[in-house]
Amino acid sequence: VHAGASAAGVAEAAKRGVAAAAAGAAEALRAMPCYEDWQGGVYTHDGGRLGEAELKGVDLASWRTDELLPLRCPHPPTACRMATLIRQVKVEKDSIGGAVACVCTGVPAALGEPVFDRLEAKMAHAMMSLPATKGFEIGSGFGGTVMRGSTHNDPFVANPVGGRPGDSGRPALGVSSNYAGGTLGGISSGAPVYFKIAVKSVSTIGQAQQTSRLTGEAITLEAKGRHDPCVLPRTPPLVEGMAALVLIDAALLQRTRLGGACTTVCDGTRNFDPANPWGDAANGAANGAANGAPAAKKARK
């Protein structure tokens, strides 16, 4: 009986020791560096930022890997969880995808077309041309399917810093919400253009998978070498570049409609007036000269 009790006590103590060791390991893991943002800030798995004193003597190179880029996630706790998941997926020789959101601010109104060259259609065309993209939604996207129209509508409101049409400054009207994603009827409304893109998981993985040759012979495919477990961190520069190309293309088309190169002074901060493209009458000549307007020729004798 005593021997049995002793054995049970030893087993219980062993379980407690293992649990304590696991808890200590988990606590140590949470305190380890996990994520480095684009500004050089280092965060733990719990999302807490490590200060200079905590990083003193820590060899960041021992945990930093070439495969894990800064995730470009603006929320550090979420970025830490993403980094941890990517590391885990890499250890399992697998891959994972994700979603990336883009917000284009300062977009002037009236860019785009109402039918074939709608601004959101051109943006979707560009984004779906990128590798590994499998979905595109603008504004509320698929979430808008379960919203009532009374909630989804974006009412116009007076712009806090706007003015009369034609005045310098921001447009006189804005929107109180932006479920439409910055476009109305295919044309930009002046609100930020907001959209999201789905990026699939990488096809090439280290796990053995069954496939077949053209002859129908079953074979095993197992990729070798270095492969990213997630290409999502590499996506934002591509998305930003494509979005910029779409917007400048739409802006150049709009400039052509409104009268040619002189409309380059219209950057969306005021309503364009074809009769006075260089600004108000008092400062029109000065603005024109500053922006390259041709000087008036003197009358010949």
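Fair warning: this is a prediction, and the values are worked out from it, not measured in the lab.

### Quick notes on the pairing of strand β11 (residues 218-221)
At step 1: Bridge analysis of strand β10 (residues 209-212) against β11 gives 4 bridges, and the strand direction is antiparallel. Looking at the pairing, S212 lines up with A218 of β11.
At step 2: The antiparallel pairing of β10 with β11 creates a hairpin that spans 5 residues between the two strands, and G216 there sits at a positive phi of about 95°.

### A few points about unusual backbone geometry
The phi torsion of most residues other than glycine is negative, and most of the peptide bonds are trans.
At step 1: Notably, A110 is not glycine yet its phi reads approximately 80°, a positive angle.
At step 2: Structurally, the position occupied by A110 is in the loop between β3 (98-104) and α4 (119-127).
At step 3: Positive phi values are uncommon outside glycine, yet A132 reaches one of about 70°.
At step 4: Secondary-structure assignment places A132 in the loop between α4 and β4 (133-138).
At step 5: A132 gets classed as partly exposed once you look at its relative accessible area, which sits at 24%.

### Overview of helix α3 (residues 76-91)
At step 1: For α3, which comprises 16 residues, the first-to-last C-alpha distance of 23 Å matches the rise-based estimate of 22 Å (1.5 Å per residue) to within 8%.
At step 2: Along α3, the positions that sit buried rather than exposed are P76, A79, C80, A83, I86 and V89.
At step 3: Positioned one or two residues after α3, K93 has a phi angle of 55°, which is positive.

### With respect to the pattern of salt bridges
At step 1: Under the definition given, this model contains 4 salt bridges.
At step 2: Taking the shortest distance from any N to any O, the salt bridge between D228 and R234 comes out at 2.6 Å.
At step 3: For D228, a relative accessible area of 13% gives the class buried.

### Focus: the packing of α4 against helix α6 (residues 235-258)
At step 1: The geometry of α4 relative to α6 is characterised by a closest axis approach of 9 Å and an angle of 145° between their N-to-C directions. For α4 against α6, the interelement crossing comes out right-handed. Across the interface between the two elements, L119, K122, M123, A126 and M127 from α4 touch V239, M242, A243, V246, L247, D249 and A250 from α6.
At step 2: By residue class, the composition of the contact of α4 with α6 is 10 nonpolar, no polar and 2 charged.

### A few points about the nonpolar core
Soluble, globular proteins show a tendency: their nonpolar side chains are buried together.
At step 1: One finds C104, M123, M127, F136, V193, F195 and V239 to be the most contacted residues of the largest nonpolar core, which totals 29 residues.
At step 2: At the level of elements, α3, β3, α4, β4, β9 (193-199) and α6 are the ones that each hand at least two residues to this core.
At step 3: Discounting chain neighbours no more than four positions away, the residues touching F195 are V100, A101, C102, C104, M123, M127, F136, E137, I138, G139, V239 and A243.

### Section: the environment of T133
At step 1: Topologically, T133 is positioned in strand β4.
At step 2: A residue is classified by how much of its surface remains accessible, and T133, at 8% relative accessible area, is buried.
At step 3: Separated by 36 residues in sequence, T133 and G97 place their C-alpha atoms 9.7 Å apart.
At step 4: Once you skip the residues sitting within four places of it in the chain, T133 turns out to touch M127, M128, I197 and A198.
At step 5: Side-chain polar atoms of T133 contact the backbone oxygen of M127, separated by 3.2 Å.

### Section: the confidence of the model for the chain
At step 1: Confidence in the prediction for the chain averages 75 pLDDT; 64% of positions are at 70 or higher.
At step 2: Residue range residues 13-23 is modelled with pLDDT below 50. Its contacts to residues more than four positions away, or to other chains, number 0 contacts.

The rules behind each value
Residues numbered from 1 in each chain as written. Predicted model: local features only at pLDDT ≥ 70, side-chain atom pairs only at ≥ 80, totals over all residues. Heavy atoms only, no water. Pairing = 2+ DSSP bridges. Helix = DSSP H or I, 4+ residues; strand = E, 2+ residues; numbered from the N terminus. Buried < 20%, exposed > 50% of the residue type's maximum accessible area, 1.4 Å probe, protein only. Expected span 1.5 Å × (residues − 1). Salt bridge = Lys/Arg side-chain N within 4 Å of Asp/Glu carboxyl O. Axes fitted to C-alpha atoms, helices over the stretch in contact; angles between N-to-C directions. Left-handed = near helix turned anticlockwise from the far one by under 90°. Contact = heavy atoms within 4.5 Å. Nonpolar A, V, L, I, M, F, W, Y, C, P; charged D, E, K, R; others polar. Core = buried A, V, L, I, M, F, W, Y, C linked by side-chain atoms within 4.5 Å. Polar contact = N/O pair within 3.5 Å; in protein donor to acceptor, adjacent residues only side chain to side chain. pLDDT = per-residue confidence, 0-100.

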